[in-house]
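# A closer look at the structure
The lines below spell out each chain.
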Amino acid sequence: MRWIAIGLLICFLAAVGLTGYLYLNANVRITGIDCVAADAADQPGVMEALKAQMAAGTFVGTPFETGEIGEPSGYQFYTYTVHLENGTFMKAEAVEVQVTPMNGDVLQMPENGMTVIPARTAGSAQATILTDREMHNVREILVTYYLWGMPFSIRTTYNR
């Protein structure tokens, strides 16, 4: 009976150690960030829809300003694509990219569905902001994701 208890204790300690190892090594890392700029004047339909949504108070994304959107020629879209590598043995769920606004930023567009990065693979998540035409693209970016139902985040700066 004593040997069975010792064997079970060893199995328990091994399971706790393995779980602790997996938890402490549960990380997703950023492998690169790309930014693409597009003139808002080239997308008049999108701009009209954004104007209408902001005026009606039905915009679903993240508004940075509460004022009315002006003419499309005064704005541009920046789309940040964050490339991620999931080095864990579980999928990273609800991956979200949030851009920290600067003066001149108007809004962040809503995401198209939930991003999931399967275990031991690479993936990407995007965020698109509408900003003043004269603004640069240097921004602080916050990437949040869930592993085991617990939130994790990575903060970095895009500066190219």
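Just so it is clear, the model here is predicted, and its values are computed rather than measured. (Residues numbered from 1 in each chain as written. Predicted model: local features only at pLDDT ≥ 70, side-chain atom pairs only at ≥ 80, totals over all residues. Heavy atoms only, no water.)

### Comments concerning the overall build of the protein
Heads up, the rule is: Secondary structure is summarised from DSSP: a helix means a run of H or I of at least four residues, a strand means a run of E of at least two, and numbering begins at the N terminus for each. Values of the radius of gyration come from C-alpha atoms, whereas the globule rule sets the reference at 2.2 Å times the count of residues to the power 0.38. To sort residues, take the accessible area from a 1.4 Å probe on protein chains only and compare it with the maximum for the residue type: under 20% means buried, over 50% means exposed, and anything in between is partly exposed. Should any heavy atoms of two residues lie within 4.5 Å, those residues are considered in contact. Accessible areas in this description were obtained via Shrake-Rupley with a 1.4 Å probe; residue shielding takes into account the shown protein chains only.
Looking only at helices and strands, one finds 2 helices and 9 strands in the protein. Starting at the N terminus and walking to the C terminus, you meet the elements of the protein as α-β-α-β-β-β-β-β-β-β-β. In summary, the protein has a C-alpha radius of gyration of 22 Å against a globular reference of 15 Å for 160 residues, an excess of more than 25%. A total of 160 residues make up the protein; the buried ones form 32% of that total. Residue pairs in contact within the protein that sit at least 24 positions apart in sequence constitute 76% of those at least 6 positions apart. For the protein, the accessible area works out to roughly 9600 Å², and carbon and sulfur atoms hold 57% of it.

### What about the pattern of salt bridges?
Operational definition: For this document, the term salt bridge refers to a Lys or Arg side-chain nitrogen within 4 Å of an Asp or Glu carboxyl oxygen.
Summed over the entire model, instances satisfying the criterion amount to 5 salt bridges. Where D39 meets R133, a salt bridge forms, and the shortest distance between an N and an O atom there is 2.6 Å. Within this pair, whereas D39 is found in strand β1 (residues 28–39), its partner R133 is found in the loop between β7 (122–132) and β8 (139–147), the two being separated by 94 residues in sequence. When the shortest N-O distance is used, the salt bridge between R155 and E140 registers 2.9 Å. Placement of R155 in strand β9 (residues 150–158) and of E140 in strand β8 is noted, with a sequence separation of 15 residues between them. Overall, the relative accessible area of 52% leaves R155 in the exposed class.

### Describing the packing of aromatic side chains
The condition is simple: Pairing of aromatic side chains here covers Phe, Tyr and the six-membered ring of Trp, requires ring centres within 6.5 Å, and sorts the geometry by plane angle: under 30 degrees stacked, over 60 edge-to-face, intermediate tilted.
What the rule picks out here adds up to 3 aromatic pairs. With a centroid separation of 5.6 Å and an interplanar angle of 75°, the aromatic rings of Y80 and Y158 are classed as edge-to-face. With Y80 in strand β3 (residues 75–86) and Y158 in strand β9, this pair connects stretches of sequence that are 78 residues apart. Owing to a relative accessible area of 0%, Y80 belongs among the buried residues under this scheme. Assessed through its relative accessible area of 6%, Y158 is described here as buried. Between Y145 and F152, the aromatic rings sit 5.7 Å apart at their centres with planes inclined by 15°, giving stacked as the arrangement. The class for Y145 is buried, based on a relative accessible area of 4%.

### Some details on the sheet that holds strand β6 (residues 115–117)
Note the cut-off: Being paired, for any two strands, means DSSP has found at least two bridges between them. For helices, the axis comes from a line fit to the C-alpha atoms of the stretch in contact; other axes are also lines fit to C-alpha atoms, and the angle between any two N-to-C directions lies between 0 and 180 degrees.
Strands sit in the order β6-β4-β8-β9 across an open sheet of 4 strands; the sheet is antiparallel. This sheet does not close on itself; its edge strands, each paired only once, are β6 and β9. Geometrically, the sheet is characterised by an average inter-axis angle of 30° between neighbouring strands, direction not taken into account. As paired strands, β8 and β9 are joined by 9 bridges and run antiparallel to one another. Within the sheet, the bridge partner assigned to Y145 lies in β9 and is F152.

### Topic: the sheet that holds β3
Sheet architecture is open: 5 strands sit in the order β1-β3-β7-β5-β2, paired in antiparallel fashion. Strands with a single pairing partner mark the edges of an open sheet, and in this sheet they are β1 and β2 (62–63). Sitting on the sheet, helix α2 (residues 44–56) touches β2, β3, β5 (105–108) and β7, and the angle it makes with β3 is about 90°.

### Structural notes on the nonpolar core
Within soluble globular proteins, side chains that are nonpolar generally end up buried alongside one another. Defined as follows: In this text, buried Ala, Val, Leu, Ile, Met, Phe, Trp, Tyr and Cys residues form a nonpolar core when linked through side-chain atoms within 4.5 Å.
Ranked by size, the top nonpolar core spans 23 residues in total, and within it Y80, V95, I141 and V143 carry the most contacts. Going through the elements one at a time, β1, β3, β4 (92–99), β7, β8 and β9 are the ones with two or more residues in this core. Counting residues in hydrophobic clusters, the runner-up holds 11 residues, among them A40, M47, Y75 and L130.

Don't take any of this as a statement about function, it's just geometry.
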